[in-house]
Amino acid sequence: QSLPQQKLLTWLSVLECVEVFAEMGTARVWGEMGRWTIIVLIQLAKAILRLLLLLWYKAGIQTSPPIVPLNREQQQPLHPQDVEDSSSGKDQTYVGRRSSRVVRSLQSTPSLQSRHWGSPQQREESQSRRAEEMNQPPTPLGLQETIAESIYITRPLLHLLSLGVWGQRSWKPWLLSAVLDISSLSLLSDLKDLNRRERAELRRRTILLLYYLLRSPFYDRYSEGRILLLLRLLADYVPGVGFVTRPLMDYLPAWQKIYFYNWG
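Quantities reported herein were computed from a predicted structural model and do not represent experimental measurements. (Residues numbered from 1 in each chain as written. Predicted model: local features only at pLDDT ≥ 70, side-chain atom pairs only at ≥ 80, totals over all residues. Heavy atoms only, no water.)

K.L.:
Help me understand unusual backbone geometry in this model?
P.N.:
Comment: phi is negative for the bulk of residues other than glycine, and the bulk of peptide bonds are trans. Here the amide bond leading from Ser-64 into Pro-65 is cis, since omega sits at 5 degrees, within 30 degrees of zero. With respect to the secondary-structure elements, Pro-65 resides in the loop between α1 (3-56) and α2 (80-87). Ser-216 connects to Pro-217 through a cis peptide bond whose omega is 5 degrees. Relative to the helices and strands, Pro-217 is located in the loop between α6 (196-207) and α7 (218-237). Backbone geometry at Lys-58 places phi at a positive 55 degrees, although glycine is not the residue there. For Lys-58, the location among the structural elements is in the loop between α1 and α2. Positioned with a positive phi, Asp-193 is a non-glycine residue whose angle comes to about 60 degrees. Inspection of the secondary structure puts Asp-193 in the loop between α5 (172-188) and α6. (Helix = DSSP H or I, 4+ residues; strand = E, 2+ residues; numbered from the N terminus.)

K.L.:
I tried to follow the pattern of salt bridges on my own but got confused; where do I start?
P.N.:
Two side chains bearing opposite charge may form a pair once their charged atoms approach each other closely. What the rule picks out here adds up to nine salt bridges. Between Lys-46 and Glu-19 there is a salt bridge; the shortest N-O distance is 2.9 Å. Given a relative accessible area of 5%, Lys-46 falls into the buried group. Look at Glu-19 and you get buried, because its relative accessible area is 8%. A salt bridge links Glu-149 to Arg-205; the nearest nitrogen and oxygen atoms lie 3.0 Å apart. Taken as a pair, Glu-149 in helix α4 (residues 143-166) and Arg-205 in helix α6 lie far apart in primary sequence, 56 residues in all. Here Arg-205 falls in the buried class, since its relative accessible area comes to 4%. (Salt bridge = Lys/Arg side-chain N within 4 Å of Asp/Glu carboxyl O. Buried < 20%, exposed > 50% of the residue type's maximum accessible area, 1.4 Å probe, protein only.)

K.L.:
For this particular structure, what's the right way to read the packing of aromatic side chains?
P.N.:
The description of an aromatic ring pair uses the distance of the two centres, along with the angle that the planes make with each other. Evaluated as defined, the whole model comprises eleven aromatic pairs. Ring geometry for Trp-36 and Tyr-259: centres 5.6 Å apart, planes at 70 degrees, overall edge-to-face. Of this pair, Trp-36 sits in helix α1 while Tyr-259 sits in helix α9 (residues 259-262), and the two are 223 residues apart along the sequence. For the pair Trp-174 and Tyr-212, a centre-to-centre distance of 5.6 Å together with 90 degrees between the ring planes defines the contact as edge-to-face. With a gap of 38 residues between them, Trp-174 in helix α5 and Tyr-212 in the loop between α6 and α7 connect regions that are remote in the sequence. Of the two residues examined, Trp-174 and Tyr-212, each falls in the buried class. In textbook terms, an aromatic cluster arises when at least three aromatic residues are bridged by ring pairs, as seen for Trp-171, Trp-174, Tyr-212, Phe-218, Tyr-222 and Trp-263. The ring of Trp-36 carries Arg-35 above its face, with NZ or CZ at 4.9 Å from the centroid. Cation over ring: Arg-205 sits above Tyr-152, and NZ or CZ is 3.7 Å from the ring centre. (Phe/Tyr/Trp six-rings, centres within 6.5 Å; stacked < 30°, edge-to-face > 60°. Lys NZ or Arg CZ within 6 Å of the ring centre and 35° of its normal.)

K.L.:
Looking at this structure, I do not really get the nonpolar core. What am I missing?
P.N.:
Nonpolar side chains in soluble globular proteins generally cluster together in the buried interior. In terms of nonpolar packing, the biggest core is built from 13 residues, with Ile-39, Leu-160, Tyr-212, Tyr-259, Phe-260 and Trp-263 touching the most fellow members. Mapped by element, the contributors of at least two residues to this core are α1, α4, α5 and α9. Looking at this core, the element that brings in the most residues is α1, giving four residues. Taken together, domain 1 (3-66 + 138-216) and domain 2 (224-262) each give at least three residues to this core, which thus spans both. In this structure Tyr-259 touches Glu-23, Arg-35, Trp-36, Ile-39, Gln-43, Pro-156, His-159, Leu-160, Leu-163 and Gly-264, once residues within four positions along its chain are discounted. (Core = buried A, V, L, I, M, F, W, Y, C linked by side-chain atoms within 4.5 Å. Domains from an automatic or database assignment. Contact = heavy atoms within 4.5 Å.)

K.L.:
Help me out: how do you make sense of α6 in this one?
P.N.:
In an α-helix there are 3.6 residues to a turn, and that puts residues three or four apart on one side. Taking 1.5 Å of rise per residue, twelve residues should cover 16 Å, and α6 covers 17 Å from first to last C-alpha, within 8% of that figure. Among the residues making up α6, those that are buried are Glu-198, Glu-201, Leu-202 and Arg-205. Looking straight down α6, one finds that the buried residues subtend no more than 95 degrees of arc, so they occupy a single side. Of the exposed residues in α6, those oriented more than 90 degrees away from the buried face are Arg-203 and Ile-207. Its buried side turned inward, α6 meets α4 and α5. Of the residues flanking the start of α6, the one acting as N-cap is Asn-195, its side-chain oxygen 3.2 Å from the backbone nitrogen of Arg-197. (Expected span 1.5 Å × (residues − 1). Arc of directions from axis to C-beta. Polar contact = N/O pair within 3.5 Å; in protein donor to acceptor, adjacent residues only side chain to side chain.)

Given below as structure tokens:
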């Protein structure tokens, strides 16, 4: 990736990290008008950055979060003792004469912080495989797939526009957003030879369709009573589950009112 593309991904990641805080803080300071203003500005900025990545830098199907979090357990650096052992040329493995089993030699045992229970060959293979998956270039998108990704990127702006036209109690914004999400996934379903990150992203988008059960007005009219009843039954009749379901019942109304938790 070029340096400008990395900067765009960084800014996009920052926006996704602070969007909920910005919405709640603005609502506390400037009220509902300030809240919806910051929502529109953040969604507009995200859409512009994503469209630049899609159309200018040919980034393909964009994942969320834009920058994959670092797995520190898989990226442990070598400790000085390990570097010294490797540079001194000590054999790291021992092959059994009868069993032909490969085990780590006692002289090259790493420090406790970087120790793992697999053979060195297995760890090297897994690390090289993960590095190869992370460095795979994005799948080139044709016209149909580019339109589908553009629909997914602009869907939040169209949803906000429909909210301003028809109001928050109307079914039209909910239906419009659902049609756009399903259309985008349908157009992208024909794309073959996706890499692992892109397949995971499409699965994530498909699972997120369940959020429409928690989005108003469907939640207010149909889902709320049933979900709370199910959580209450689990809390009353399933031992130990109440520690999770009761706080969830208290948290769900507040969570449902925050735009970026539902629609972001």
